[in-house]
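So you can see what is in the structure, the chains are spelled out below.
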Amino acid sequence: MAQLSDDCFAFGGPLLSVDEAVGIIAAKVTAVQETEAVSLVAADGRILARDVAAPLPLPPFTNSAVDGYAVHAGDLPREKEKAFPVKGRVQAGAAAQAAKPGEAVRIFTGAPMPEGTDTVFMQEDVSLDAKGHVVLPAGLKAGANVRPAGEDIPLGHVALKAGQRLRPQDIALAAAFGLTELDVVRRIRVAVFSTGDELASPGTPRAAAQLFDSNRFMLIAMLRRLGCEVSDLGILRDERGPLATALKRVAGEHDLLLTTGGVSTGEEDHVKAGVESVGRLVLWRMAIKPGRPVAMGIIGGTPFIGLPGNPVASFVTFVHVVRPIVLALSGAAAALIVAMPVRSAFAYKKKGGRREYVRVTLRKAADGALEAVKFPREGAGLLSSLVDTDGLVELPESVTTVEPGQTVGFLGYANLM
Ligand code: AMP
Ligand code: MG
């Protein structure tokens, strides 16, 4: 399990900026060390544990980039076209025989270059004469239409780096090297609880004053997208004792404990007291909107995060606190979230000194530019505001007003998990 000191997330200031929060996390969380070998088909999305150096050059042998005729550069027609006898034929996958000066070899894309040749004429650029000789035009450069061995990746080059999250193209590269498995960091184990007497689990009866628990399913899905192994531990009632016992019980088997709800400062918010009775806890008052206080703690050496209960606040704080911690635990290289510049179609006023996230839909304006259209309502409890939008416009601490037409930074939901 990740070993963290008790004061790991302590923070004294009144308000914590997003950058400060990410900085504290990066400094205090150490990556799990266990790795496992996974087959290529199971490697997508996993964090690579070790650098991969090319065990062979790519392409492994010099080959033709086109269908055509291979000749030696010394024979290239200079001023006017020239006819060559066609001696031999080499297709992809076949071994090439050597060619003599003055001869052309019929060749196909991906076939190895015959010894004695180094340039290929595209079949579209040549003709055959009455004697069956191939007539090659003047003007082609020596080495044209040939892919030299190692031009893509030279032997020994570090082509994949430890800490990167494997994508389909990275897996393709490992396969091109002839590898069958990759060493990855083991999955981060996360326990997820919802808290609140007002919650009913889907599939169980719902009392009149209850609503179905939705956050837990959102958080589990987001964690899975980050590659976590998730334990769904259901709903904890608003009661300090059982809540503390439940968290303490599973702390040892997980790398991270995550709850949603019950962390404001109301008297019915029992998460704070519950965690304090079995571990340490501080409330991070983050300078973001939407986003209420986030509880950060340690139970038996395992980090604990208590997210707010309002779905949108839960979503946004997940992105800024849970995601960086999960990535740090899994030894992932710092994954920058880069906002895409789009044109605002809305006017907005905000307080300076805090970061705000506006739920928006993208549309193409008449002039072709991408425009961000603000969701008409702002409540942090509106699930529809996440469902009916494409992403978040991020307004930095320094901004206080946005006018229509201004450039703003857009974060698509898919980039946030
Ligand atoms: P809390 O943070 O516990 O004060 O909850 C804030 C609001 O979010 C309340 O209206 C809760 O009913 C709602 N809420 C809390 N937990 C969940 C959940 N798991 N799913 C949906 N809504 C929730
Ligand atoms: Mg509650």
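This text follows the structure it describes.
In this report, the structure presented in the accompanying data block is examined.

What counts and what doesn't
Residues numbered from 1 in each chain as written. Chains lettered and ligands numbered in written order. Predicted model: local features only at pLDDT ≥ 70, side-chain atom pairs only at ≥ 80, totals over all residues. Heavy atoms only, no water. Salt bridge = Lys/Arg side-chain N within 4 Å of Asp/Glu carboxyl O. Helix = DSSP H or I, 4+ residues; strand = E, 2+ residues; numbered from the N terminus. Buried < 20%, exposed > 50% of the residue type's maximum accessible area, 1.4 Å probe, protein only. Core = buried A, V, L, I, M, F, W, Y, C linked by side-chain atoms within 4.5 Å. Contact = heavy atoms within 4.5 Å. Arc of directions from axis to C-beta. Near = heavy atom within 4 Å. Polar contact = N/O pair within 3.5 Å; in protein donor to acceptor, adjacent residues only side chain to side chain. Areas by Shrake-Rupley, 256 points an atom, 1.4 Å probe, with all protein chains shown as cover. Nonpolar A, V, L, I, M, F, W, Y, C, P; charged D, E, K, R; others polar. Pairing = 2+ DSSP bridges. Axes fitted to C-alpha atoms, helices over the stretch in contact; angles between N-to-C directions.

So, the pattern of salt bridges
- The tally for this structure, following the rule as stated, stands at 17 salt bridges.
- A salt bridge links R216 to D232; the shortest N-O distance between them is 2.6 Å. Of this pair, R216 sits in helix α3 (residues 215-225) while D232 is found in strand β17 (residues 229-236), placing the two residues 16 residues apart along the sequence.
- Classification of R216 as buried rests on a relative accessible area of 3%.
- Put simply, R343 and E371 hold a salt bridge, and the shortest N to O gap is 3.3 Å. Here E371 lies in strand β26 (residues 370-374) and R343 lies in strand β23 (residues 340-344), a separation of 28 residues in the sequence.
- Overall, the relative accessible area of 24% leaves R343 in the partly exposed class.
- Using a relative accessible area of 11% as the deciding quantity, one classes E371 as buried.
- Where salt bridges share partners, they join D19, R355, E394 and E397 into one cluster.

Some remarks on the nonpolar core
- Within the largest apolar cluster, 51 residues are counted, with the highest numbers of intra-cluster contacts made by L223, L258, W284, I305 and F315.
- Among the secondary structure elements, those contributing two or more residues to this core are α1 (18-28), β14 (189-195), α3, β18 (256-260), β21 (294-299), β22 (302-307) and α6 (311-329).
- Looking at this core element by element, the count peaks at 12 residues for α6.
- Contact partners of L223, with chain neighbours within four places excluded, come to V190, V192, C228, V230, L258, F318, V322 and V326.
- Residues A191, A251, L257 and L283 belong to the second largest nonpolar core, which totals 17 residues.

A word on α1
- Taken together, the buried positions of α1 are V18, A21, I24 and I25. Axial view of α1: buried residues confined to an arc of 130 degrees, hence all on one face. In α1, the exposed positions angled more than 90 degrees off the buried face are occupied by D19, A26 and A27.
- Where α1 is buried, its residues meet β19 (280-284), β20 (288-289), α6 and β25 (355-364).

Structural notes on the site of ligand 1
- Around ligand 1, a shell composed of 13 residues is seen, among which E198, D213, S214, G262 and G309 lie nearest.
- At 3.2 Å, a backbone N or O of S214 approaches a nitrogen atom of ligand 1.
- In the model, an oxygen atom of ligand 1 is placed 3.0 Å from a nitrogen or oxygen of the G309 main chain.
- Contact with the protein chains hides 77% of the accessible area of ligand 1, taken as 490 Å² for the molecule alone.
- Looking at the shell around ligand 1 residue by residue, the classes come out as two nonpolar, eight polar and three charged.

Description of the sheet that holds β18
- An order of β17-β14-β18-β22-β21-β19 is seen for the six strands of this open sheet, with the pairing classed as mixed. Among the strands making up the open sheet, the edge pair consists of β17 and β19. Taken over all neighbouring pairs, the strand axes of this sheet differ in orientation by 20 degrees on average, direction set aside.
- Sheet analysis places β21 next to β22, joined by five bridges and oriented antiparallel. For I299, the partnering residue across the bridge sits in β22 and is T302.
- Packing of α3 onto the sheet brings it into contact with β14, β17, β18 and β22, and relative to β17 it is tilted by some 170 degrees.

Quick word on the environment of G150
- With respect to the helices, strands and loops of the structure, G150 is situated in the loop between β11 (146-147) and β12 (158-160).
- In sequence terms G150 and A54 are 96 residues apart; their C-alpha atoms lie 9.9 Å from each other.
- Excluding its chain neighbours within four sequence positions, the residues that come into contact with G150 are P57, L58 and P59.

What about the environment of D232?
- Of the residues examined, D232 reaches a relative accessible area of 40% and is grouped as partly exposed.
- Discounting residues that sit within four places of it in the chain, D232 has contacts with V192, R216, F217 and I220.
- Here the side chain of D232 touches R216 through a polar contact of 2.6 Å, side chain to side chain.

So, the sheet that holds strand β6 (residues 86-90)
- Strand order in the open sheet made by the four strands is β6-β7-β4-β8, with mixed pairing throughout. The sheet is open, and its two borders are formed by β6 and β8 (119-122), each paired with just one other strand. Pairs of neighbouring strands in the sheet enclose a mean axial angle of 30 degrees, with direction left out of account.
- As paired elements, strand β4 (residues 68-71) and β8 share four bridges and run antiparallel to each other. Bridge pairing in β8 places A70 opposite V120.

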